[in-house]
Structure formats: C-alpha cells, structure tokens
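Listed below, chain by chain, are the residues.
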Amino acid sequence: MDTAISHLDTGFAARVAAWLHSDVRVARVAIGAVALHVVDDNFLQPNPGTSAADHLVSGLVPLVLVAAAAVFYGRLRAGARALTALIAGVFGVLGGIEAVYYTRAVGPSGDDFTGLLSLLAGLVLIGVGGVTLWRSRRRDDAHWWRYSRRALLAVGAAVVAFVVVFPLAISYVVTHAPYEEVEFTTGDGLRLKGWYIRSRNGAAVISFPGRASSQKRAKLLARHGYGVLLFDRRGEGESEGDPNLFGWEGERDVHAAVRFLQARPDVDPERIGGIGLSVGGEMMIAAAAESSALKAIVSEGASGRSVRDIVANPGTRWLEVIGTGLATAGTAVFSNDPPPADLQSLVPKISGAVFFVYGEHGQPAEEPANRAFFAAASAPRELWEVPGAGHIGGTEARPLEYEQRIVAFFDRTLLGDA
C-alpha cells in the first residue's frame, strides 16, 4: 500500500511539474487571475457611490484585451508570447498596488483579495516572459548578427515600454489613485468625513467643496504628486452639522482641513493650498483671509454669498438687491447665522497667493466680481477667463491648458518652482 501511494505521489508530482513546464498553461492561468480582478474591481465590488454601469468601458475594454491574450497566447511565436506576458504582467502588478496599499493601511477587504492575486499573477507573467525570451534565443548564427539583433530587440522593447506601456500605466494609476478614509473635527465640534490621497512632493491641496464635484481637480493634482484632501462639508454627505448651500461659516471647515493636513507626516505645513469651485471658491477666499496657513488658493467661479456681495460687486441692479436681500434675511433666520462679510472686503486680507478663475460663459456676476477681486488683492495674484467655459467648466472647455495653468500655479507657490 505504501509503495502504491508513493507511486501515486510521484506520478502526481511529475504531472504537476510537466504542467508547470508549459509556459502557455502557466501564462493563461495567470492572465485569468488578472482578468478576475478586472471583473471584481469594476463590476462585482465597485467603489462606494458607483455601480457596475459606471464602469462599462473601463471594465469591458481591458477584459476583452486580456481574454484575447489568453485565447491567442499559444498561437503566438515565442517573441510575441514573451512580449504579451511581460505587458500583461506589468498591468497585473499595477492592478495589485492599490490592494497592497489598503492591506498595509487597514487590512484587506473587498476586491483587495483579487488585487493581491493579480499582483502575484503579474509577477508570474513577468517571470514567464523572461524565461520564454531566454529559451527562445537563437545560438546558431554568427556572433555579430546575434548580438546586433539582441541589441535591436532591446531598443525596440524600450521604445514599446516608453511609448505604450508607460503612458497606459500612468493612466491606470491616475484613475486608481489609492486614498484613505479620513475624518477630522471643526473648531465648533462637528465631525467631517472625507478622502485623502497621500502627498509625494511634500505639498497638499484641499479640493473643495464635497467629494463628488471636486474629483477631477483632485485627480489632476494627485497625478503631479500633490496630496489631496476631499471631504463632505458640514451638513452634507457623511459629515455632521446643518447644511447651508451659500457656504456661510464654511471657512470653519476649511480651517479644520488645514489643521488635519498640518498634522500629516507626508505634508510640509508651509506647503498647504486649496482649490474651491463656486461656493467652494468663496469659502476658500474667506478662509485665506482669516488664516495665513493657506499659502496659495485657486478660486474658480466665485461671485458672492449674500446681499452684501451684490451691493459690493460692480454693475449691481436694484432688483437683484431686493431679491437677494430677502433671501439673505431668510437664510439668516433659518440658519441662525448672520450673513458673512462681502468677498471684496476679504480679498485684500489674503496673505498667500491667489488665482481667480472664471468661465467666459459663466454666471453673469462672475466676470465683474473676479475682475474686482483681482484688482483688490494685495497678495501675489493671477486672473484667467477660461475661453468657452461655463460656470466652473474650465476642465471641460480647456482640459490641457487648465491642468498646465493650475499645476504651474501650485508648483510656483507651494514648491517654489520657477
């Protein structure tokens, strides 16, 4: 009996060894593991607030490519198989980086398990690609041609990596930037919740207001190494407090966010900025006027929060004063807060750099208000009317120029780059 069992064990081990000896079988299984994570990440366990329908393109396109690689892998020549394995391996590893981040930070959960499997599969594919290249090398030709051919192949591989793999890897990292769930408390005792992307250059920017409307700016800045904090302002999302869409007292939330960033080990307290959209831009102005901790802010689409701004802004019409005056009085009653000071009186108090942005086709008050803000500012200041843009529509109207201008502003003011 023992002899029979020994023979069975030996035969099984031999079959496993023979199976593993086939690079095609191993590669197909590893590619399948990468595909599993694509399905899990996009369709089975998408990020909170999103659904499988939101990921049709981002899920189906890579899934089709991965499936094609697995189906046709065995029919390719050795060089093409090796290249396919190496490329699939790189993206398998990329797919697992986020899982490693969360596993180390808070422990594995959700799609982290298939992400770790994807990472392991990616490393296997890279190994398979390297072994396939080594096994398939030619040794029956002249030395000068052999080494010339290998040099050309190396140059070609470098070009493919630089032109194809590297840009696609960047795009994947940008759209899967790992963030952590955070919470902090305001000066008046409210608990605010949000997301934080770790800084890679020592500087951090508050992208405001909310976690939905400011995500494009957050990803843009994270792509350039900035830490980014997005959070639900008081009374919205998962944060405590009473809502106020006009943003009255919202600067308290910004001050709390600044204190949170100042305590981060990856952030230099002297390199904290903010970018605010519409009412978020107005709250950024108010916060920067009250505190020198914000070294640079971008205010996009700001105009006013109460009747005080309507009176202060150029080109005021009396009918607007009457209507906004009633709305201001009602808001003061229902919110238990007095109306804030007009923004024009606050702008000269800003000590950090400020960049005023508004759309060519934005709200009627945007152009006169922002030009008046720019004229009143005493700190280093910039002004940009985004051609063809609507209200806070800079990223849609001029995406490349918008990114260049915003990043250049923060690079100069927070990093000291010329």
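For the structure itself, look to the data block above.
The present account deals with the structure reproduced in this document. (Residues numbered from 1 in each chain as written. Predicted model: local features only at pLDDT ≥ 70, side-chain atom pairs only at ≥ 80, totals over all residues. Heavy atoms only, no water.)

Following the criterion strictly, the structure yields nine aromatic pairs and no others. When the centroid spacing of 5.9 Å and the interplanar angle of 80° are considered together, the rings of Tyr196 and Phe260 count as edge-to-face. Placement of the pair is Tyr196 in strand β2 (residues 191–197) and Phe260 in helix α8 (residues 251–262), with a sequence separation of 64 residues. Exposure remark for Tyr196: the relative accessible area of 0% places this residue in the buried category. Among the aromatic residues, those joined into a ring-pair cluster are Phe184, Tyr196, Phe208, Phe231 and Phe260. A cation over an aromatic ring shows up here: Arg381 above the ring of Phe374, its NZ or CZ 4.6 Å from the ring centre. (Phe/Tyr/Trp six-rings, centres within 6.5 Å; stacked < 30°, edge-to-face > 60°. Helix = DSSP H or I, 4+ residues; strand = E, 2+ residues; numbered from the N terminus. Buried < 20%, exposed > 50% of the residue type's maximum accessible area, 1.4 Å probe, protein only. Lys NZ or Arg CZ within 6 Å of the ring centre and 35° of its normal.)

Before going further, it helps to spend a moment on the sheet that holds strand β3 (residues 204–208). Within the open sheet, the eight strands sit side by side as β1-β2-β4-β3-β5-β6-β7-β8. Their pairing is mixed. On the outer flanks of this sheet lie β1 (180–185) and β8 (381–386), each paired with one strand and no other. For this sheet, the mean inter-axis angle between neighbouring strands, taken without regard to orientation, is 20°. Pairing between β2 and strand β4 (residues 227–231): four bridges, direction antiparallel. Among the inter-strand pairings, Gly194 is bridged to a residue of β4, identified as Phe231. Contacts from helix α7 (residues 215–223) reach β2, β3, β4, β5 (272–277) and β6 (296–300) within the one sheet, and its direction differs from that of β4 by about 165°. In the packing of helix α9 (residues 279–290) onto the sheet, the strands contacted are β3, β5, β6 and β7 (353–359), and the crossing angle to β5 comes to about 145°. (Pairing = 2+ DSSP bridges. Axes fitted to C-alpha atoms, helices over the stretch in contact; angles between N-to-C directions. Contact = heavy atoms within 4.5 Å.)

With that out of the way, let us pick up the environment of Arg412. Mapped onto the secondary structure, Arg412 falls in helix α15 (residues 399–415). Spatially, the C-alpha atoms of Arg412 and Ala296 are 9.6 Å apart, while their sequence positions differ by 116 residues. Apart from residues no more than four positions distant in its own chain, Arg412 is found in contact with Glu382 and Asp417.

This part takes up helix α3 (residues 56–72). Since one α-helical turn is 3.6 residues long, residues separated by three or four positions face the same way. Between its first and last C-alpha atoms α3 spans 24 Å; for 17 residues at 1.5 Å apiece the expected length is 24 Å, and the two agree. Listing the buried residues of α3 in full gives Gly59, Val66, Ala69 and Ala70. The arc that holds the buried residues of α3, viewed along the axis, is 105°, so those residues lie on one side. Along α3, exposed side chains directed more than 90 degrees from the buried face belong to Val57, Val64 and Leu65. (Expected span 1.5 Å × (residues − 1). Arc of directions from axis to C-beta.)

Right, let's talk about a nonpolar patch on the surface for a bit. A contiguous nonpolar patch, built from Leu56, Val57, Leu60, Val61 and Leu65 and spanning about 480 Å² of accessible area, is present on the exposed surface. Examined against the element boundaries, Val57 turns out to sit in helix α3. Relative accessible area serves as the criterion here: at 62%, Val57 is assigned to the exposed category. (Patch = residues over 30% accessible without salt bridge, like charges linked within 9 Å, V, L, I, M, F, W, Y side chains within 5 Å. Areas by Shrake-Rupley, 256 points an atom, 1.4 Å probe, with all protein chains shown as cover. Salt bridge = Lys/Arg side-chain N within 4 Å of Asp/Glu carboxyl O.)

Right, let's get into the packing of α8 against α9. In contact at an axis separation of 8 Å, α8 and α9 are set at 65° when each is read in the N-to-C sense. Note that α8 runs across α9; the crossing there is right-handed. Each of Glu251, Val254 and His255 in α8 lies in contact with α9, whose residues at this interface are Met283, Met284, Ala286, Ala287 and Glu290. The residue makeup of the contact of α8 with α9, split by class, is five nonpolar, one polar and two charged. (Left-handed = near helix turned anticlockwise from the far one by under 90°. Nonpolar A, V, L, I, M, F, W, Y, C, P; charged D, E, K, R; others polar.)

The next thing to look at is the side chain of Asp253. Mapped onto the elements of the fold, Asp253 is located in helix α8. In this view, Asp253 contacts Phe184, Thr186, Leu192, Phe208, Phe231, Arg233 and Arg234; residues no more than four positions away in its chain are not counted.

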